[in-house]
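# What the coordinates show
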Amino acid sequence: MLVTTPLKYAAWYYLPGYATRQLLSLFHAAYARVLRRPPPAPGTPAYVFHYRMTYLFFAVVYLLYNLYDAAATMEPNYYEILGLAPTADDGMLKTAFRQFARKYHPDRVGAQGEALFIEVRDAYDALKSPVKRFAYERFGPDALRWTQCTTVREYVRHGLLQASGFYIVSLCSLVFFSFVSPSSPVSYWRYIMLAFTAVYELLFLLNPSPAPPSAVASVFLSEPGAATHTTLFSLLWPHRVSYQHVRFLHTLWVLGCFALSNVAPVVFPSPSPAIQEKWTLGEAEQLAKVTKAIALESDAQLSTLFHPVHGPRTGTPATEDTFPYLGALPNDGRPADEVVALLATEMEHLLLESQMRADGGPLKSAVENAVERRKRELQMQAQMQAQVQAQARVAGRSSPLKAFATQGAWRRQDQNGSADVGANGSAGAGANAMGTPVKVRKERLLGYVRGRSRSLG
């Protein structure tokens, strides 16, 4: 191994900064010589930009070197020792082992080759079993010592339990670092990288398998039963099997965490307190503007709702001719007392009507009949008014007073002489025939309804 593993990881904390300063001094020397002008002074935006780009360049180079070192020092699998591809059949495996035994038998190479020969011989005996070969390709040489497993399902269950240990330790480490440094900008991305590593490890361990082809497709995996390997890892290392790819994924995740923890704060630094304060003030001003706009819009909506009530119905200054009214209401925007009283009365009637409709029975029928009767009266008044206006236009010489007199006659005739029969028939007709004024009937009905609603709770 070119660099020991602990030193390789620890070097991320001091090597990028040291190497960046050395490279940046060389770059600025060449910068002054080629461009014929002095390099940017420390602390200037140009100098900070040069430092970030140099740091990023060295971090990428060092990360690629670590990945190459991890791939180059990966222990070979039994297929690589025998000089075979992982897709070799039993006949090819037997022939390759015989050639290996003739070349590396202890009688030929001496005692120093005995341990390797015994290991390959035991592996050959195990790989002749399709189930053990399946387990070895996914879980490594340790799977050949799982004597308690006999089926593919048992090997997979035991192998997944073994693999979960890496993720339990990794997750606990991430939680610990999150508590130690809660403001780290890369904490989220560490969890995302760990999740992707777990997903791809499952894909490597479970596919391809003796089961029918899966619908899950991946850039890193070929379909089960494929004769050729067309995946990225298989293109890079065509004679390696799944457990080696999984180990490389673990190394890739650890190196990625170290790289992100050291590169992100330099390349994407946190803003200074002055910048943060300025940003906070800007957001507060924007929020104040939005709040003011919402207040203006709500005031306009309330004015629009209150305005139709002003006018002849309440004797207040506004008139219905100016509807919709989006300006300020009289009395500093507060509706007049007459408007509030009218709205309260209408809301009371609305609540009473809703309660009566919900109670059902004869009270509900009486309300519906009253509503229908009022609708018919309004329709008849509109028809009579249209007839009066038509007669006035035809006559041409009729005065407005005569037209109003005619309209009043029609209204008196409708109140005293019409027999309007509703759903309850004789009740409405009898009331009109007795000459009871509409206002008196309305007050009596309203009093009855109020008493009824109080009795019902």
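Before any of the text, the structure's been laid out above.
Residues numbered from 1 in each chain as written. Predicted model: local features only at pLDDT ≥ 70, side-chain atom pairs only at ≥ 80, totals over all residues. Heavy atoms only, no water.

We now examine the overall build of the chain. When you go through the chain residue by residue, the secondary structure sums to 18 helices and zero strands. In the chain, which comprises 457 residues, the proportion classed as buried is 30%. If you take every contact in the chain between residues at least 6 apart in sequence, the share linking residues at least 24 apart comes to 56%. For the chain, the accessible area works out to roughly 29500 Å², and carbon and sulfur atoms hold 63% of it. (Helix = DSSP H or I, 4+ residues; strand = E, 2+ residues; numbered from the N terminus. Buried < 20%, exposed > 50% of the residue type's maximum accessible area, 1.4 Å probe, protein only. Contact = heavy atoms within 4.5 Å. Areas by Shrake-Rupley, 256 points an atom, 1.4 Å probe, with all protein chains shown as cover.)

Looking at where S242 falls in the secondary structure, it is placed in helix α12 (residues 242-267). Judged by its relative accessible area of 13%, S242 is buried. Within the local environment of S242, its side chain forms a polar contact with the backbone oxygen of F204, the two atoms lying 3.3 Å apart. Those residues in contact with S242, other than ones at most four positions away along the chain, are E137, R138 and F204. (Polar contact = N/O pair within 3.5 Å; in protein donor to acceptor, adjacent residues only side chain to side chain.)

Judged by side-chain polarity, F49, M53, L56, V60 and L64 come together as a nonpolar surface patch covering roughly 440 Å² of accessible area. Mapped onto the elements of the fold, F49 is located in helix α3 (residues 45-72). A residue is classified by how much of its surface remains accessible, and F49, at 48% relative accessible area, is partly exposed. (Patch = residues over 30% accessible without salt bridge, like charges linked within 9 Å, V, L, I, M, F, W, Y side chains within 5 Å. Salt bridge = Lys/Arg side-chain N within 4 Å of Asp/Glu carboxyl O.)

This next bit is on the environment of S270. Counting through the fold element by element, S270 comes out in the loop between α12 and α13 (273-306). What makes S270 exposed here is its relative accessible area of 61%. Residues S270 and S183 lie 87 residues apart in sequence; the distance between their C-alpha atoms is 9.9 Å.

Each aromatic ring pair is characterised by the separation of its centres together with the angle its planes make. Inspection of every chain in the model, using the stated rule, returns 19 aromatic pairs. An angle of 5° between the planes, with centres 6.1 Å apart, marks the rings of F58 and Y62 as stacked. Here F58 and its partner Y62 are both found in helix α3, four residues apart, which amounts to about one turn of the helix. In terms of burial, F58 and Y62 fall into one category: buried. By way of ring pairs, the aromatic residues W12, F58, Y62 and Y65 are connected into one cluster. (Phe/Tyr/Trp six-rings, centres within 6.5 Å; stacked < 30°, edge-to-face > 60°.)

On to the pattern of salt bridges, then. Considering all chains together, one arrives at nine salt bridges under this definition. The partner of R374 in a salt bridge is E377, and the shortest N-O contact between them spans 3.3 Å. Linking R374 with E377, this pair stays in helix α15 (residues 361-395), spanning three residues, or about one helical turn. R374 sits in the partly exposed class, given a relative accessible area of 42%. One network of salt bridges, in which partners are shared, links D90, R133, E137 and R138.

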